[in-house]
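Analysis of the macromolecular model
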Amino acid sequence: MSKKHLATGDECPPLKKDTLRVYNMRFCPYAQRAILTLQAKGIPHEEVRVNTRKKPEWFFDKNPNALVPVLEINDKIVFESAICCEYLDEVYPENPMTSKDPYQRARDKMSVNYFDGKVMSVYWKAASAKGKDAELKEDFLKKLDGIEEDLKKRNTQYFGGEKPNWVDIHMWPFFERIEGLEIFGGSCLPSDRFPLLSDWVARMLEYQPVKEYILPAETLKTWNARYRTETPIFDELL
């Protein structure tokens, strides 16, 4: 399948019967959730990459919001990262990423709700900031204190217990990008403040789906800086 990001004017590759396809943008953290889920569960699939600045005309038919990720198989289309991951876990039950226990599933959803509502709101401010910003950095770290406390209460290596689950995959793409944020000056999370999260990051870096898909921090930093301009780089960095 296409490793080149298809843009305006490019044709959509024909979809083969009974073949699961994921529409992806290689640098998108939201789409990364779906890719990691596919890899963690060992689901056969093909990938079509989309230029999210110059979107192909046909992509709006796949998702009216024209956002990645999008899953497609036969006449079925699913989009939005959390929905895609949930769909994959239900349709492909091998290597489950969610707990069978109702309370644990509710607890996991509450963790994700905190992450999306508190951490992500500050993350995007940090991602668009230029240079070091001590106040913004501290605000971001305060939000991450809640994630550290969550992992402490769980008393497990991963949010999923002894192995990563959908909570780990939901959060990971943004932790992968923290080192590239200019407000951190190229440094990682302070381990004295976040001992459990620091250990979690180290374990996730050894998680096979992450190892197979991760991009260097410098590449992500370059991408982030260029994406804010009128001429972002897609295939050149790859």
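So, a few notes on the structure that sits alongside this text. All values reported here derive from a predicted model rather than from experimental measurement. All residue numbers refer to positions counted from 1 along the written sequence of the respective chain. The model is predicted, so local features are restricted to residues of pLDDT at least 70 and side-chain atom pairs to those at 80 or more, both for listing and for counting; the totals for chains, interfaces and linings are taken over all residues. Note that the side-chain values use all heavy atoms of the structure and ignore hydrogens as well as water.

Attention shifts here to the overall build of the protein chain. By the criteria applied, helices consist of DSSP H or I runs no shorter than four residues and strands consist of E runs no shorter than two, each listed in order from the N terminus. Secondary structure summary: the protein chain contains nine helices and four strands in total. Listing the helices and strands of the protein chain from first to last along the sequence gives β-α-β-α-β-β-α-α-α-α-α-α-α. In terms of overall dimensions, the protein chain is globule-like: its C-alpha atoms have a radius of gyration of 18 Å, near the 18 Å expected for 238 residues. For the protein chain, the spread of C-alpha atoms along the three principal axes comes to 50 × 45 × 30 Å. For every residue, the accessible area obtained with a 1.4 Å probe (protein chains only) is divided by the maximum for its type, and the residue is called buried under 20%, exposed over 50%, and partly exposed between those limits. When the 238 residues of the protein chain are sorted by exposure, 47% land in the buried category. When contacts within the protein chain are restricted to residue pairs at least 6 apart in sequence, those whose partners lie at least 24 apart make up 72%. Each charge class in the protein chain can be summarised by its mean position, and for the 36 positive and 38 negative side chains these summaries are 1 Å apart. Using C-alpha atoms as the atom set, the radius of gyration is obtained and then compared with a globule rule of 2.2 Å times the number of residues to the power 0.38. Throughout, a residue-residue contact means that at least one pair of heavy atoms, one from each residue, lies within 4.5 Å. As used throughout, the charge tally considers Lys and Arg to be positive and Asp and Glu to be negative, leaving His and the chain termini uncounted. We put the charge of a Lys on NZ, of an Arg on CZ, of an Asp on CG and of a Glu on CD.

We now examine helix 3 (residues 81–91). Considered for burial, the residues of helix 3 that qualify are S81, C84, C85, L88 and D89. Down the axis of helix 3, the smallest arc covering the buried residues is 130°, so these residues share one side. The inward-facing, buried residues of helix 3 abut helix 1 (29–41), strand 3 (70–73) and strand 4 (76–79). Summarising the geometry, the arc corresponds to the directions from the helix axis toward the C-beta atoms.

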